[in-house]
Amino acid sequence: MAPVPLVVSAHIAVDTPRNNEVRHDGIHDAFVVLLEINDIVFIFLLCEISAEYHGTDGVMSCLPCLDHLSRDDYADVYEPSEDTFLFIDALDKELTRIADAKPTRILEMGPGSGCISVHLLQQLQKRAVQCLPSCLLIDINPKAVTAALKTAACNGVGQHFDGLQGDLFRAIRPRQTFDMMLFNPPYVPSPAEEMCEGGIAAAWAGGVDGREVIDRFIQQAPDHLADGGCIYLLSERRNKPEEIRQLFKQKGFCSEEVLHRRAQNELLNVTRFWRVGWGESACDVNS
Amino acid sequence: MRLLTHNLLMCNRKQCTGGFPLRIVLDTDIDKDAQSVEESEFRPEFIQHLLPKLDWEALYKTAQELNLSPGVPPSYSEEDKKDENFLRAVHDVVMDVHILEGKLVCPNCNREYPVSKGIPNMLLTNDEV
C-alpha cells in the first residue's frame, strides 16, 4: 500500500514555565502529520510559533509583523530576542505615561529590525492617539536601517519613520530635538576586535563591560533630549547598571527601573531616565 | 529622508566646524526618482509642536534650493502659528518631500554624504573621526 499522509491541524495554547514564572508563550499553530509506511506509523509534529505573547502585565501584546525578513536577513540584522521582548514589555507598561506625554519626536538608536519603535507606534495608534510622533532611526549598520524602515512600512506606520546610517549622534545637531529616546544597545562584554568588525557584531558587541557604546551614548544623548523628555535604556547586570545610573546622575538625570527579567545567564533591565525638575518631584539627584 | 530629518544633519568630520545645513544635490543621471512627494496626513497640532524644534533658517534655505513651491516663508510670527495655511505649507515641506537618491554636501568643506534609497550615510572614514 502506498503511504498516505494524514494531516491533522490544531490550534493549541502552550504554557511554558520560564524565568520561574508561568507565562503564556503564545498561540501556536500545529500540524500533526501521520505517515504509515510498512505498518510503521511515523508521527510528525510541525509547529509554527506565533509572534503573539502575553506581556507581564497580562495585556496581550504582539510583535510587529516581520514576515519581510528572512533567515538570510538575520545574518546581518539582529533578530528580536529576550532583550527586545523585555523592552517591548517595558514600553507596554509605560504606555499610559508615554501617551500622556504626547511626544512629537522619538529617536530609536540602533533599531535592528525596528521592532521596538514600530511596536510603540502601533500601540499608540491602537489607543487612538491623535498626534502620532515622528520617529527617527539611527543605526551604524545600513542593512538594519533598511530592515527597520521596512518593518515600519509593513506594519502600517511607515509614514511616521525616517532612517539614517550613522555613529550614534555624530551627524546630529545638538538641539534638544527628541522628546523620547529608545536604546537597546550592544551590551555584551566583548574583546576590542569585535567592536571593529561591523555588521551584525555591532548589534551586540559592547567592548569592556559591554559599556563602550552605552557610555558614549550617555555622553551625547542629553544634548539632544528636549526639556521634559525621557530616555529608555536597556542594560545587563555585567554593564553595572548602578554605574550607568550614576553617570546619568552626573548629567542631572533621575532614573527609575521599569522592568527587569532574567534570561538564561543574563539579568536584563529597562530603565527610564529623565531630567531633574521635570516629571516626578520625588527624585533627589544628590541622594 | 524627509526634510524634517535633513534639518538635523550636519557635517561631522573632526576637521570641519559649522558644516550646516548640508546642501542637497539630487542624482539626475538615474532612471528612478531622486526626489518624491508622498502625501501624509496633515495634523496641525503636530506641526505646531514641531515648529520650535526646527532650524528655520536652514529649512527656508533648503526649500529655496530645492525650488519647492510654495515652500515656506523666510520667517514666521506668533499669528502664523495658528494659521492653517502656514501650518499646511510647513507640513508639505518637512513631512511630504522625500530625498531618495543623491548626496548631501557640506557647505564648508565640501565633504559628500551619499543618499541611497532614501537613507543618508553619515559615517566617516577613520582619518575623519
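Computed from a prediction, not measured in an experiment: that's the story for all the values here.

Reading the values: rules and limits
- Residues numbered from 1 in each chain as written.
- Chains lettered and ligands numbered in written order.
- Predicted model: local features only at pLDDT ≥ 70, side-chain atom pairs only at ≥ 80, totals over all residues.
- Heavy atoms only, no water.
- Pairing = 2+ DSSP bridges.
- Helix = DSSP H or I, 4+ residues; strand = E, 2+ residues; numbered from the N terminus.
- Buried < 20%, exposed > 50% of the residue type's maximum accessible area, 1.4 Å probe, protein only.
- Contact = heavy atoms within 4.5 Å.
- Axes fitted to C-alpha atoms, helices over the stretch in contact; angles between N-to-C directions.
- UniProt positions renumbered as here; feature names shortened; annotations may be inferred.
- Parallel < 35°, antiparallel > 145°, perpendicular 65-115°, else oblique.
- Left-handed = near helix turned anticlockwise from the far one by under 90°.
- Nonpolar A, V, L, I, M, F, W, Y, C, P; charged D, E, K, R; others polar.
- Arc of directions from axis to C-beta.

### Looking at the sheet that holds strand β5 (residues 112–116) of chain B
So, step 1. The strand order β1-β4-β5-β6 (chain B) describes an open sheet built from 4 strands, whose pairing is antiparallel. Each having just a single partner strand, β1 (23–26) and β6 (119–120) of chain B make up the two edges of the open sheet.

### A closer look at the environment of Ile119(B)
So, step 1. By secondary structure assignment, the location of Ile119(B) is in strand β6.
So, step 2. The exposure class of Ile119(B) is buried, given its relative accessible area of 11%.
So, step 3. Ile119(B) sits 17 residues away from Gly102(B) along the chain, and the two C-alpha atoms are 10.0 Å apart.
So, step 4. Those residues within four positions of Ile119(B) in sequence are excluded, and the remaining contacts are Val145(A), Thr146(A), Leu149(A), Gly163(A), Leu164(A), Gln165(A) and Pro114(B).

### Focus: the sheet that holds strand β12 (residues 266–275) of chain A
All names here are of chain A.
So, step 1. In space, the 7 strands of this open sheet follow the order β8-β7-β6-β9-β10-β12-β11, with mixed pairing throughout. In this open sheet, the two strands that pair with only one neighbour each are β8 (161–165) and β11 (253–263). Mean inter-strand twist for the sheet, computed between neighbouring axes without regard to direction, equals 15°.
So, step 2. Pairing analysis gives 5 bridges linking strand β6 (residues 105–109) to strand β7 (residues 134–139), with the strands arranged parallel. Paired with Met109 across the bridge in β7 is Ile138.
So, step 3. Against the sheet, helix α1 (residues 82–93) makes contact with β9 (178–183), β10 (225–236), β11 and β12, and its axis sits at roughly 130° relative to β11, the strand it touches most.

### Points about the UniProt feature "domain: Methyltransferase small" (unreviewed entry) in chain A
So, step 1. Those residues carrying the UniProt feature "domain: Methyltransferase small" (unreviewed entry) are residues 94–188 of chain A in this numbering.
So, step 2. Counting secondary structure, residues 94–188 of chain A comes out at 34% helix and 23% strand; the distance between its end C-alpha atoms is 26 Å.

### A look at the packing of helix α6 (residues 212–220) of chain A against helix α7 (residues 241–250) of chain A
Residues and elements named next belong to chain A.
So, step 1. Contact geometry of α6 with α7 gives a least axis separation of 10 Å together with a crossing angle of 20°. In terms of orientation, α6 lies roughly parallel with respect to α7. Between α6 and α7 lies a crossing of right-handed hand. Contact residues: Ile214, Asp215 and Ile218 in α6; Ile244, Leu247 and Phe248 in α7.
So, step 2. By residue class, the composition of the contact of α6 with α7 is 5 nonpolar, no polar and 1 charged.

### What about helix α3 (residues 56–65) of chain B?
Residues separated by three or four positions in an α-helix point in the same direction, a consequence of the helix having 3.6 residues per turn.
Residues and elements named next belong to chain B.
So, step 1. Residues of α3 that are buried include every one of Trp56, Ala58, Leu59, Thr62 and Ala63, and no others. Along the axis of α3, the buried positions cluster into a sector of 160°, meaning they face one direction only.
So, step 2. The secondary structure elements touched by the buried residues of α3 are α1 (3–6), β1 and α4 (84–96).
So, step 3. Directly after α3, the chain includes Asn67, whose backbone phi takes a positive value near 55°.

### Observations concerning the pairing of β11(A)
Residues and elements named next belong to chain A.
So, step 1. In this sheet, β12 lies alongside β11 in antiparallel orientation, the contact comprising 10 bridges. Looking at β12, one finds that Ala263 is bridged to Glu266.
So, step 2. Where β11 hands over to β12, the hairpin turn is made up of 2 residues, of which Gln264 adopts a positive phi near 55°.

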